[in-house]
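# Coordinate analysis (summary)
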Amino acid sequence: MKITPIDTQALIAALDLEPHQEGGYYRRTFQSDDQTMLMTTSGQRYRMTSIYYLLSKDSPVGHFHLNQSDIVHYYHLGDAIEYKLIYPDGTLKTVVMGSNVIAGQHLQLHVPGGIWKASRLMEGSSGYGLISEAVSPGFDFADMEMGDRQKLSEQFPQHSQLIEALTDS
């Protein structure tokens with residue numbers, strides 16, 4: 001049986017995705033409406049939220065950003081996605097999410113709150129990479145900080161080239 005390639009724009013339309021401020025496309029697919037909200041230092045939050053997140057050839061980078069909540073990423077399909085994580089002490093970790101687990105790619109990735117994170121689509125035949133994210137406490141844009149190129153480069157000068165490549169400003 002021959003598998004027909006998926007057109008990226010058709011996938012974006014089928015999943016009803018919209019552009020995300022960090023890059024790529026997304027849509028919230030779940031929020032824990034049936035549970036009591038959690039009180040955080042930033043206000044009330046859902047206990048958990050979940051999204052689809054897609055990087056594509058026309059939007060291949062999820063720019064550096066920091067979330068307050070823990071996030072578990074789940075790889076679904078398409079090309080592999082490389083994640084760059086910068087920890088508060090400056091440690092850099094690279095994780096590739098993809099289907100080739102034999103080659104060391106990951107189907108799941110946990111990123112604790114307080115870690116700077118960026119992602120980029122790795123070259124492949126699909127032209128897109130699709131994941132989901134589960135966030136707890138639930139995601140709120142008030143809990144996300146987009147990376148400022150100058151500030152991050154001053155904080156982590158050893159990663160300034162990477163920061164230059166994976167920040168929007």
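First, a word on what this report is: a plain description of the structure on this page. (Residues numbered from 1 in each chain as written. Predicted model: local features only at pLDDT ≥ 70, side-chain atom pairs only at ≥ 80, totals over all residues. Heavy atoms only, no water.)

## Some details on the overall build of the protein chain
To keep things clear, this is the line we draw: Here a strand is any run of E in DSSP of at least two residues, a helix any run of H or I of at least four, and the numbering for each starts at the N terminus. For a compact globule the rule gives 2.2 Å times the number of residues to the power 0.38, and the radius of gyration it is set against comes from C-alpha atoms. Exposure categories follow from relative accessible area, calculated using a 1.4 Å probe and restricted to protein chains: below 20% of the type maximum is buried, above 50% is exposed, and the middle band is partly exposed. Every residue pair with non-hydrogen atoms within 4.5 Å of one another is taken to be in contact. The accessible surface values rely on the Shrake-Rupley method and a 1.4 Å probe; as for residues, cover is taken only from the protein chains in view. The charge count includes Lys and Arg as positive and Asp and Glu as negative, but it does not include His or the ends of the chains. Charge positions are represented by NZ for Lys, CZ for Arg, CG for Asp and CD for Glu.
Along its length, the protein chain carries three helices and 13 strands. Scaling as 2.2 N^0.38, a compact globule of 169 residues should have a C-alpha radius of gyration of about 15 Å, and the protein chain matches this with 16 Å. Overall size of the protein chain, expressed as C-alpha extent along the three principal axes, is 55 × 45 × 30 Å. When burial is assessed residue by residue, the protein chain has 45% of its 169 residues classed as buried. When contacts within the protein chain are restricted to residue pairs at least 6 apart in sequence, those whose partners lie at least 24 apart make up 72%. Counting only carbon and sulfur atoms, one obtains 50% of the accessible surface of the protein chain, whose full area is about 9200 Å². Where the 12 positive side-chain charges of the protein chain centre and where its 20 negative ones centre are 3 Å apart.

## Quick word on the sheet that holds strand S11 (residues 116-121)
Test applied: For two strands to count as paired, DSSP must find a minimum of two bridges between them. Note on method: axes are straight lines fitted to C-alpha atoms, helices fitted across the in-contact stretch only, with angles between N-to-C directions ranging 0 to 180 degrees.
Pairing is antiparallel in the open sheet, where five strands are placed in the order S9-S8-S11-S6-S13. One side of each edge strand has no neighbouring strand; the edge strands of this open sheet are strand S9 (92-97) and strand S13 (144-146). Taken pair by pair, the neighbouring strands of this sheet meet at an average axis angle of 25°, ignoring direction. The pairing of strand S8 (residues 81-86) with S11 spans six bridges and is antiparallel. Residue pairing for S11: Ile81 is matched across the bridge by Leu121.

## Examining the packing of aromatic side chains
Each aromatic ring pair is characterised by the separation of its centres together with the angle its planes make. Test applied: Note on ring pairs: Phe, Tyr and Trp rings are taken, using the six-membered ring of Trp, and paired if centres are within 6.5 Å. Classes follow the plane angle, with under 30 degrees stacked, over 60 edge-to-face and the rest tilted.
As enumerated under the stated definition, the model contains two aromatic pairs in all. Ring geometry for Tyr26 versus Phe141: centroids 6.5 Å apart, planes at 75°, classification edge-to-face. You can see Tyr26 sitting in strand S2 (residues 25-31) and its partner Phe141 sitting in the loop between strand S12 (128-136) and S13, a full 115 residues away along the chain. Taking 4.9 Å as the distance between ring centres and 85° as the angle between the ring planes, the aromatic pair formed by Phe139 and Phe141 counts as edge-to-face. Through a chain of ring-to-ring contacts, three or more aromatic side chains come together here, namely Tyr26, Phe139 and Phe141.

## As for a nonpolar patch on the surface
The cut-off we apply is this: Think of a patch as exposed residues, more than 30% relative accessible area, with no salt bridge, where like charges cluster within 9 Å and nonpolar side chains (Val, Leu, Ile, Met, Phe, Trp, Tyr) cluster within 5 Å. Counted as salt bridges are all cases of a side-chain nitrogen of Lys or Arg within 4 Å of a carboxyl oxygen of Asp or Glu.
Residues Val101, Ile102 and Leu107 make up a contiguous nonpolar surface patch of roughly 320 Å² in combined accessible area. Note on placement: Ile102 falls in the loop between S9 and strand S10 (108-111).

## Re the pattern of salt bridges
Going through the model one piece at a time under the given rule, you end up with six salt bridges. As a salt-bridge pair, Glu82 and Arg120 come within 2.7 Å of each other at their nearest N and O atoms. Of the two residues, Glu82 sits in strand S8 while Arg120 sits in strand S11, which places them 38 residues apart along the sequence. Connected through shared salt-bridge partners, Arg45, Asp140 and Asp143 make up one network.

## Structural notes on the nonpolar core
We count it as follows: Side-chain atoms within 4.5 Å link the members of a nonpolar core, which is a set of buried Ala, Val, Leu, Ile, Met, Phe, Trp, Tyr and Cys residues.
Counting residues in hydrophobic clusters, the biggest one holds 15 residues, and the most contacted among them are Tyr53, Ile81, Tyr83, Leu109 and Ile131. Elements supplying a minimum of two residues to this core: strand S5 (49-56), S8, S9 and S10. Filtering out sequence-adjacent residues up to four positions away, Ile81 remains in contact with Leu55, Val95, Val96, Met97, Ser119, Arg120, Leu121, Met122, Gly129, Leu130 and Ile131. In this structure, Trp116, Leu162, Ile163 and Leu166 belong to the second largest nonpolar core, which totals eleven residues.

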